[in-house]
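Geometric and topological summary
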Amino acid sequence: MKNLILDEINRKAKEWILEAGRTIRNKINDPLDISSKSNPNDLVTSMDKNTEKYFLEKIKSTFPDHFLIGEEGFGDEVKALDGTVWIIDPIDGTMNFVQQKRNFAISVAIYHDGVGEVGLIYNVMEDQLYSARRGEGAFKNEVKLPPLKKTTVLEESVIGLNHLWLCENKLVDEKIMQDLVKTARGSRTYGSAAIELAFVAEGVLEGYLAMSLSPWDFAAGMILIKEVGGITTNIDGKGIKMLERNSVFAGHPEVHSRILNDFITKARK
Ligand code: 2AM
Ligand code: CA
């Protein structure tokens, strides 16, 4: 795709994500219309839906030949990543948004013919925009993120984990995962996969593991992480399928391979 066109797409995407975030901040104390989706704790609000509709309207009126995959389903039914596809989570960390009014993000990824070109994760209440363009590095607001440290060990690493799913879905042996938690310097759960992946890109988490995420949760984060030299795979160290739910395992290459070889391989059921 021509760089000039990508510049324009990137510029618009940033403008819209900041505008959408501003709207959410302005309405943060308004009453919410909350309902649940796949289970009673899988929440959606009028704000999630309205934010996705905002992007849909902007994208379709500005770039009529682009497609949108959005968590709330207002976008297109995309069966393959052909052409230009926006993958958007209007609010990642909806439970945080509802209960805590912080630690949630808007996640926007733009793929062209299957290649991740633009990744944006906006931590709305902190007003922090993580952004990346393929081959041009990753940024937090206007500051370029340095490449991940040359070398690091698990014993000095902080790992992001979604503890509930580790216990619930029986994909892994809890005992071995407990060993992982004990071996790492620390573990954290922030409740927004997008923010946790941005933290991997920023180098404040050396790894992140979640058992089941959707494309809008990880698409932008993967682009950011690649730009700083990190890797993202599924739990078995294999490639992520961009249009499906996946387990997601991201991190510093050394920490990733150590966790994979010494823990996950043994823990898989
Ligand atoms: P969401 O807030 O957009 O639903 C919580 O640990 C993280 O997992 C959030 O990023 C959340 O995204 C994501 N997630 C993905 N599928 C989920 C589900 N079925 N229920 C709750 N959170 C889910
Ligand atoms: Ca969401």
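The rules behind each value
- Residues numbered from 1 in each chain as written.
- Chains lettered and ligands numbered in written order.
- Predicted model: local features only at pLDDT ≥ 70, side-chain atom pairs only at ≥ 80, totals over all residues.
- Heavy atoms only, no water.
- Core = buried A, V, L, I, M, F, W, Y, C linked by side-chain atoms within 4.5 Å.
- Buried < 20%, exposed > 50% of the residue type's maximum accessible area, 1.4 Å probe, protein only.
- Helix = DSSP H or I, 4+ residues; strand = E, 2+ residues; numbered from the N terminus.
- Domains from an automatic or database assignment.
- Contact = heavy atoms within 4.5 Å.
- Polar contact = N/O pair within 3.5 Å; in protein donor to acceptor, adjacent residues only side chain to side chain.
- Donors = N, O, S within 2.8 Å, 3.2 Å for Na, K, Ca; no water.
- Axes fitted to C-alpha atoms, helices over the stretch in contact; angles between N-to-C directions.
- Parallel < 35°, antiparallel > 145°, perpendicular 65-115°, else oblique.
- Left-handed = near helix turned anticlockwise from the far one by under 90°.
- Nonpolar A, V, L, I, M, F, W, Y, C, P; charged D, E, K, R; others polar.
- Expected span 1.5 Å × (residues − 1).
- Bend = angle between axes of the 7 residues up to and from the residue.
- Pairing = 2+ DSSP bridges.

Attention shifts here to the nonpolar core. Soluble globular proteins tend to bury their nonpolar side chains together. Within the largest apolar cluster, 39 residues are counted, with the highest numbers of intra-cluster contacts made by Ile-87, Tyr-111, Ile-121, Phe-218, Leu-224 and Met-242. Only β4 (84–92), β5 (105–112), β7 (128–133), α6 (193–202), β12 (207–213), α7 (215–227) and β14 (246–251) provide two or more residues apiece to this core. The residues that make up this core include at least three from each of domain 1 (3–144) and domain 2 (154–267). The contact partners of Leu-224, leaving out residues within four places of it in the chain, are Gly-119, Ile-121, Tyr-130, Ser-131, Ala-132, Ala-138, Ala-198 and Ala-201. Membership of the second largest hydrophobic core comes to 28 residues, among which are Trp-16, Leu-43, Val-108 and Leu-129.

Along the chain, His-66 falls in the loop between α2 (46–62) and β3 (67–70). Looking at His-66, its side chain comes within polar contact range of the side chain of Trp-86, at 2.9 Å.

This part takes up the coordination of the calcium ion (ligand 2). Reference values for angles at a metal are 109.5 degrees in the four-donor tetrahedral case and 90 or 180 degrees in the six-donor octahedral case. The protein atoms that coordinate the calcium ion (ligand 2) are Glu-71 (OE), Asp-89 (OD), Asp-89 (OD) and Ile-91 (O), at distances of 2.1 to 3.0 Å. Along the chain, the residues that donate to the calcium ion (ligand 2) are spaced as E-x17-D-x1-I. One end of the pair, Glu-71, is in the loop between β3 and β4; the other, Ile-91, is in strand β4, with 20 residues separating them in the sequence. You can call Glu-71 partly exposed: its relative accessible area is 22%. The exposure class assigned to Ile-91 is buried, which follows from its relative accessible area of 1%.

Let's shift gears to the packing of helix α1 (residues 3–26) against α2. One can describe the packing of α1 onto α2 by two numbers: an axis separation of 11 Å at closest approach and a directional angle of 155°. As judged from the angle between their axes, α1 and α2 are roughly antiparallel. Here α1 and α2 pass one another in a crossing that is right-handed. On α2, the residues touching Lys-12, Trp-16, Ile-17, Glu-19, Ala-20 and Ile-24 of α1 are Met-47, Thr-51, Tyr-54, Phe-55, Lys-58, Ile-59 and Thr-62. Looking at the contact of α1 with α2 residue by residue, the class counts come to 8 nonpolar, 2 polar and 3 charged.

A few words on helix α8 (residues 253–267). If you check α8, its first and last C-alpha atoms are 20 Å apart, about what 15 residues at 1.5 Å a residue would give, namely 21 Å. Maximal helix bending in α8 amounts to about 45°, located at Leu-260. Of all the positions in α8, only Val-255, His-256, Ile-259, Leu-260, Phe-263, Ile-264 and Ala-267 are classed as buried. Lining the buried residues of α8 we find β10 (158–161), α5 (174–183), β12, β13 (231–233) and β14.

Another point: the sheet that holds strand β8 (residues 138–140). The 7 strands are arranged β3-β4-β5-β6-β7-β8-β9 in an open sheet whose pairing can be described as mixed. Lying at the two open borders of the sheet, with one neighbouring strand each, are β3 and β9 (143–144). Strand direction decides the pairing type here: β3 and β4, joined by 4 bridges, are parallel. Its bridge partner lying in β4, Phe-67 is registered against Val-85. Contacts from α2 reach β3, β4 and β5 within the one sheet, and its direction differs from that of β4 by about 155°. Those strands touched by α7 are β3, β4, β5, β6 (115–123), β7 and β8, and its axis lies near 105° from that of β6.

Geometry only, nothing functional implied.
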